[in-house]
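Per-entry structural report
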There are 4 protein chains.
Amino acid sequence: MKKLLASKYKLLKVRGYAIIYGRDTVAGKLFDLILLGFILLSAFLTIFESIQIIDEHIHTLLVVLEWIITVFFSIEYALRIICTPKWRRYVFSFYGVIDLISILPIYLSFFVQKSKFLSIIRILRLLRIFRILDLVQFTQQANQLKRALKNSQTKILVFIYFVLVLCVTLGALMYMIEPHDKAFTSIPRSIYWCIVTLTTVGYGDVVPTTAFGQFMASIIMILGYGIIAVPTGLVTSEYSRAYRKKEPHKSDTSHKMPQDIGYPHSHTHGHCKYCNTYPLPDDALYCPKCGKRQ
Amino acid sequence: MKKLLASKYKLLKVRGYAIIYGRDTVAGKLFDLILLGFILLSAFLTIFESIQIIDEHIHTLLVVLEWIITVFFSIEYALRIICTPKWRRYVFSFYGVIDLISILPIYLSFFVQKSKFLSIIRILRLLRIFRILDLVQFTQQANQLKRALKNSQTKILVFIYFVLVLCVTLGALMYMIEPHDKAFTSIPRSIYWCIVTLTTVGYGDVVPTTAFGQFMASIIMILGYGIIAVPTGLVTSEYSRAYRKKEPHKSDTSHKMPQDIGYPHSHTHGHCKYCNTYPLPDDALYCPKCGKRQ
Amino acid sequence: MKKLLASKYKLLKVRGYAIIYGRDTVAGKLFDLILLGFILLSAFLTIFESIQIIDEHIHTLLVVLEWIITVFFSIEYALRIICTPKWRRYVFSFYGVIDLISILPIYLSFFVQKSKFLSIIRILRLLRIFRILDLVQFTQQANQLKRALKNSQTKILVFIYFVLVLCVTLGALMYMIEPHDKAFTSIPRSIYWCIVTLTTVGYGDVVPTTAFGQFMASIIMILGYGIIAVPTGLVTSEYSRAYRKKEPHKSDTSHKMPQDIGYPHSHTHGHCKYCNTYPLPDDALYCPKCGKRQ
Amino acid sequence: MKKLLASKYKLLKVRGYAIIYGRDTVAGKLFDLILLGFILLSAFLTIFESIQIIDEHIHTLLVVLEWIITVFFSIEYALRIICTPKWRRYVFSFYGVIDLISILPIYLSFFVQKSKFLSIIRILRLLRIFRILDLVQFTQQANQLKRALKNSQTKILVFIYFVLVLCVTLGALMYMIEPHDKAFTSIPRSIYWCIVTLTTVGYGDVVPTTAFGQFMASIIMILGYGIIAVPTGLVTSEYSRAYRKKEPHKSDTSHKMPQDIGYPHSHTHGHCKYCNTYPLPDDALYCPKCGKRQ
């Protein structure tokens, strides 16, 4: 009897796995679509709740719906752990962590009111959309993008480090130049201004007011002009390379035939005077074909 | 009699087609130029009407002129449908839809006052300018641009999807961090701020005010720094490729020797004297097909 | 006597030409340096005059100096016309026009007060700096830049045309959506907003206030995200090409040897069974060397 | 006795050099880490001191700590000069100057209060982090970045020169167009506005208010659209080139056959049996040097 139950439980686990993780069965596809709908719905709920006018009118509805979704997500999370043979791998995966963060804030909102809005992070579950909808081409493109970014990762890190050191230095400089009463009240605020300027965002909430400050700001802006070119250049060249590697048979000549390189001047060579062999090697005294002296 | 009329009608249709769609006859060119003038005029009318000071003085003139143009456009639209042999194809084409939208809003303005301004969409008809003025080079370039954008379409879509999910998540995060009374009053507004920031537009109408909010904003800006590089990289590499593919015969073969393309040395090669195999390999003594000595 | 005068005058003209246009004599170099100094000085004068606090104190000095410089420039302009054998070519050249515009506004300021500031255009004479200082490398780079921009000229024009049509359409759309009392008071102002947004400048002086307006603005911004990539892509690929063309012997393989292309599968070919000739052509039945059947 | 002291002093110098400049000994690594900690601490001290709320509470602590660090840095600076055999080289190196500027402002703050904040420049010492932590890969990437920027240096300088001349001209133009009372109060301010606009920073503190001014601003913005593409294009193509040059052996040869590089078919070629000429051409029957049959 116990054995039977155990085997039935095992069967259920396999089936559950096929439904939750798989996309081959009808039930699996249905599950994915329902999940997608719930994620979207939950995102909209959180957004609506943050809009005061909407929240005032249908607050109770929103809360009830949110709890329903949270319970659904909790069950799904539990099932995902139960059904997979390697639950540890799931729990500590990127999506495993997101799935957990999607539920926790709601439960935590018993204690900390604001934490509820953190549940919007469940919208990150939408990144699974390509996997769910089985959009092969999209997944491929996403992977290509990811790879290009990953390849230029170190460069981007080095670059950001430089930019940060630059921002701190220039921020402190501006703090010295500008009066402290209005905009540049502290060095962190000056650094914030510097980042806003160098990234060309330029809110205008912190702005130099003295002539010399504006002069310095102009220099920093023109500096930022050159700096903004760097990450673009990095990603572009990285991306072009990834591209070229992927389709060498199409666009480039890496499948070249042996004679490509070397013999650079062979096109100025003469033909063999006797057997017309062409081209003669660079410094041939004798024709390699007929053996006659040139 | 009826037959004569029908044949005359048919002749008129053909002539009308030549005038409206063609650019070979003088009448056709004239028609195109008049159309161009009317489109420009109509765009300026709509713009003038929106400027209060101008509208106050010459309101009646503007309205009359607008009606004249609308009637002209309506007749043109009708003629276009009548004259073309495949009217369905025209009606549902890009320009067919625009042509319709160029007329409808004025008629609709009987009922909905504001809809009138939608007629500015008729300025999109100006996109036909390259076709009208027969600027071959421009059309070519426009097509090249279009193709490059089309090729990177999927990538750009994937990219925009990522950016949107990112904006929603970061917007909700900022909503949690910042006070709700001044700038970040709701999550949609926070998302709006996030888009304004990530695209480096940076209006400054929504701005973080707390120290921690400014810190987070700085991180988001530097993030946006890297992100803005991606679409540029995509389009650049796509464009370079389209370029390279398009004109290998122009730019790449300039330094090449004649034998570069196709079979090596084919210009010096003979055909096989016996079986006409062509081209014979470089230094063939025997035909590789029939085995006969050359 | 008259003949002597004429020949002397001719000699003077030649000498003047060497001094004004040339850089080989000491006098010519000195003239260029003095000119450079005067251009810079005149730019600073115009700038100082525009700053009220400075202008109040040394107004007379500034005016006197400005007149001295203007007279100097006028004489220089006259001499340039007199000394060159092809004065028409000079007068209608880029720098000839700038030289004229550098003098005229001051004389015009007798009639139109404000026109004086137009004389700042004389700072464009500074573009001659590379020629004056004989900075070969810089001139080269400047030319390279100019060429790259010239090559992508048509594309950039097509692109700007599209952007303008887009801005007018989107501007009118936003005018319809937003209330007319605060920011979007007219279609031209909406178009201005649209350009400010699409170019990611984002002043924040015109800003959408309604939720739907902000939603539309978000879409336009993300659109602008993709659009800003286009000119960068254009210039980059154009520039890379100009580069590649310039140094083909260094980086690319355009000086390839004949056998580069063609015979794509030759590396899978066998050796001749009898004479070991390698590689055998694609569909060889007989060895082209020894004539034996394979 | 004196000799002994001298030799001991010399030994100390060598040891000190190993500790301060080297990273091979445990003491050297420890020194580097402590230094790193002190640099970070000192940066945070300066930042804290600029924040009024923090400074009010722990002002004395901050000042004391700052003096300790400054004394430590002074001793380190002295030791660096004493221990290195080529102190002149150190003092006038990039880091030597920074090390000095890191100490001086604090001592100067006896006389000039504000100068203290200049000591934040000591954060530039953090640039040494790659060297300190011995992050080979990072240093490599940083060097690659540096090289790419250095290669495009002249171009960027030419470009910035053009942009500056453009900004002055356009700034003066806008000064003429706009009223002087609100935003465009002087030409330098107009130039500042022009730089803010062309770099797409767009604070919004100086903004055109007249219709014609906004029209001109729109043109300038679209101009800036094209201009921002230039530095990106420069760096990208420069970077791609640096890349291609650096690793032809890594990425390009992956698909190649062995014969690709160097002499064609050299692996199948023999040496001439008689005169040892190497390599013999592809299908040589006779040595091209000595004419002997192979």
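Keep in mind it's a predicted model, so treat the numbers as computed, not measured.

Attention now goes to the overall build of chain A. On a plain count of helices and strands, chain A comes out with 12 helices and 0 strands. The linear arrangement of helices and strands in chain A, starting from the amino end, is α-α-α-α-α-α-α-α-α-α-α-α. Within chain A, buried positions represent 51% of all 294 residues.

What follows covers the relation of the copies chain D and chain C. Turning chain D through 90° and shifting it by 0.0 Å along the axis lays it on chain C, with an RMSD of 0.1 Å. The transformation just described matches what one would write down for a four-fold rotation axis. Different-surface contact between copies: only 15% of interface residues of chain D are shared with the interface of chain C.

Residue and element names in this part refer to chain A. Sequence positions flagged by UniProt for "transmembrane region" (unreviewed entry) are, in local numbering, residues 33-54, 60-79, 91-111, 156-177 and 215-236. Each end of residues 33-54 is marked by a C-alpha atom, and these two atoms are 27 Å apart; helix forms 95% of the span and strand 0%. Taken as a whole, residues 91-111 contains 76% helix and 0% strand, while its terminal C-alpha atoms sit 25 Å from one another.

For the rest of this paragraph, the subject is helix α9 (residues 187-198) of chain C. All names here are of chain C. Between its first and last C-alpha atoms α9 spans 16 Å; for 12 residues at 1.5 Å apiece the expected length is 16 Å, and the two agree. Of all 12 residues that make up α9, 11 are buried, and the element is covered over most of its length. Phi for T200, located one or two positions after α9, is positive at around 60°.

Turning our eyes to something else, we now look at the interface of chain D and chain C. If you look at the interface, chain D gives 52 residues, while chain C gives 52 residues. For the pair chain D and chain C, the number of links is 0 salt bridges. Put simply, chain D and chain C have 4 residue pairs in polar contact (both at pLDDT 80 or more) between them. Sorting the residues of the side of chain D that touches chain C by element identifies α8 (153-177), α9 (187-198) and α10 (211-246) of chain D as the ones contributing at least two each. Broken down by element, the side of chain D that touches chain C gets its largest block of residues, 17 residues, from α10 of chain D.

The next thing to look at is unusual backbone geometry. Residue and element names in this part refer to chain A. Residues other than glycine seldom take positive phi values, yet T200 does so here, at roughly 60°. Of note, T200 is situated in the loop between α9 (187-198) and α10 (211-227). Accessibility expressed as a relative area gives 4% for T200, which makes it buried.

Residue position: S186 of chain B is located in the loop between α8 (153-177) and α9 (187-198). With relative accessibility at 11%, the residue S186 of chain B sits in the buried group. When residues no more than four places from it in sequence are discounted, the contact partners of S186 of chain B are S50 and I51 of chain A together with Y175 of chain B.

A few words on the packing of aromatic side chains. Residues and elements named next belong to chain C. This model, assessed by the stated rule, comprises 32 aromatic pairs over all chains. A ring pair is formed by F38 and F72, whose centres lie 4.4 Å apart and whose planes are at 15°; its orientation type is stacked. A residue pair is termed long-range when its members are at least 10 positions apart, and F38 in helix α2 (residues 26-50) and F72 in helix α3 (residues 52-83) qualify at 34 residues. What makes F38 partly exposed here is its relative accessible area of 22%. With relative accessibility at 24%, the residue F72 sits in the partly exposed group.

Thresholds applied
Within each chain, residues carry numbers counting from 1 in the order of the written sequence. To read the labels, note that chains go from A and ligands from 1, taken in the order they are written. With the structure being a predicted model, the display of local features is reserved for residues of pLDDT at least 70 and the display and counting of side-chain atom pairs for 80 or more, all residues being used for whole-chain, interface and lining totals. Side-chain metrics in this entry use all non-hydrogen atoms of the structure; hydrogen atoms and water are not considered. Only runs of H or I of at least four residues qualify as helices and only runs of E of at least two qualify as strands under DSSP, and these elements are numbered from the N terminus. Remark: exposure states derive from per-residue accessible area (1.4 Å probe, protein chains only) relative to the maximum for the residue type, with buried under 20%, exposed over 50%, and partly exposed in between. The copies are overlaid by a least-squares fit using only the C-alpha atoms of residues whose pLDDT is at least 70 in both copies. What makes two residues a contact is simply this: any of their non-hydrogen atoms within 4.5 Å. UniProt positions are given in the numbering used here, feature names are shortened, and annotations may be inferred rather than shown by experiment. Take the number of residues in a helix, subtract one, and multiply by 1.5 Å to get its expected span. When a carboxyl oxygen of Asp or Glu is within 4 Å of a side-chain nitrogen of Lys or Arg, the pair counts as a salt bridge. Polar contacts, as counted here, are pairs of nitrogen or oxygen atoms within 3.5 Å of one another; within protein the pair requires one atom able to donate a hydrogen and one able to accept it, and residues that are adjacent in sequence qualify only if both atoms are side-chain atoms. We call Phe, Tyr and Trp rings a pair once their centres come within 6.5 Å, taking the six-membered ring for Trp, and we label the pair stacked below 30 degrees between planes, edge-to-face above 60, and tilted otherwise.

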